[in-house]
Amino acid sequence: QVQLVESGGGLVQPGGSLRLSCAASGIAFTTYAMSWYRQPPGKERELVAAIISAGGSTTYASFVKGRFTMSRDNAKNTVDLQMNSLKPEDTAVYYCNAARGWGTPQNVWGQGTQVTVSS
């Protein structure tokens, strides 16, 4: 069964930290680019960070650069997102995504995990 399962969301105060995890199953993990997206309330889904290939460099959206760190463990089929110095505007549902340009499936989404930054 093809599946991405996120965990680690929750409520945190401004300036705090959270670590999100995404576990993949049913896919050839190393052949996929892995990304984190988020969808703030009432807004479009946006890219947060991505690792294009196994061992490749990580790309970050400007609004999280220097605060968030994405990592990938190809042995465990997992990706993490360490989020530090959280701001209220980071409040969103965070989604894990696996994508590649060939084969089946080409695009897989997790169910999302809620992150709320509030005092």
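Scroll up a little and you will see the structure.
If you're wondering where the values come from, they're calculated on a predicted model, not measured in any experiment.

Trainee: Go over unusual backbone geometry, please, and point to the residues and values.
Mentor: In this structure, the amide linkage connecting Thr 104 to the following residue, Pro 105, adopts the cis form with an omega of -5°. Within the secondary structure layout, Pro 105 lies in the loop between strand S9 (92-99) and strand S10 (107-109). One non-glycine residue, Asn 77, lies in the positive phi region at around 55°. The residue Asn 77 is located in the loop between strand S7 (68-73) and strand S8 (78-83) in this model. Even without being a glycine, Ser 85 presents a positive backbone phi close to 50°. Note on placement: Ser 85 falls in the loop between S8 and S9. Relative accessible area serves as the criterion here: at 40%, Ser 85 is assigned to the partly exposed category.

Trainee: I'd like a rundown of the sheet that holds S8, residues and numbers included.
Mentor: Pairing between the strands of a sheet is mediated by backbone hydrogen bonds and can be parallel or antiparallel. Ordered by their spatial adjacency, 4 strands build an open sheet running S1-S3-S8-S7, and the pairing between neighbours is antiparallel. Two strands lie at the open edges of the sheet, namely strand S1 (3-7) and S7, each paired on one side alone. Each neighbouring strand pair of the sheet contributes to a mean axis angle of 15°, computed without reference to strand direction. Pairing of strand S3 (residues 18-25) with S8, which is carried by 6 bridges, proceeds in the antiparallel orientation. Following the sheet pairing, Leu 20 is matched in S8 by Leu 81.

Trainee: Please set out the side chain of Thr 113 residue by residue, giving values where relevant.
Mentor: Relative to the assigned elements, Thr 113 resides in strand S11 (residues 113-117). For Thr 113, a relative accessible area of 11% translates into the label buried. Of note is the side chain of Thr 113, whose polar atom sits 3.3 Å from the backbone nitrogen of Gly 9. Not counting chain neighbours up to four residues away, the residues in contact with Thr 113 comprise Glu 6, Ser 7, Gly 8, Gly 9, Leu 20, Ala 92, Val 93 and Tyr 94.

Trainee: So what's going on with the state of the cysteines? Which residues, and what values?
Mentor: Taken as a whole and judged by the stated rule, the model has 1 disulfide. The residue that forms a disulfide with Cys 22 is Cys 96, at a sulfur-sulfur distance of 2.1 Å. Across the S-S bond of Cys 22 and Cys 96 the torsion is about -80°, and the bridge reads as left-handed. Taken as a pair, Cys 22 in strand S3 and Cys 96 in strand S9 lie far apart in primary sequence, 74 residues in all. Cys 96 carries the same exposure label as Cys 22, and that label is buried.

Criteria and thresholds
Residues numbered from 1 in each chain as written. Predicted model: local features only at pLDDT ≥ 70, side-chain atom pairs only at ≥ 80, totals over all residues. Heavy atoms only, no water. Helix = DSSP H or I, 4+ residues; strand = E, 2+ residues; numbered from the N terminus. Buried < 20%, exposed > 50% of the residue type's maximum accessible area, 1.4 Å probe, protein only. Pairing = 2+ DSSP bridges. Axes fitted to C-alpha atoms, helices over the stretch in contact; angles between N-to-C directions. Polar contact = N/O pair within 3.5 Å; in protein donor to acceptor, adjacent residues only side chain to side chain. Contact = heavy atoms within 4.5 Å. Disulfide = S-S within 2.5 Å.

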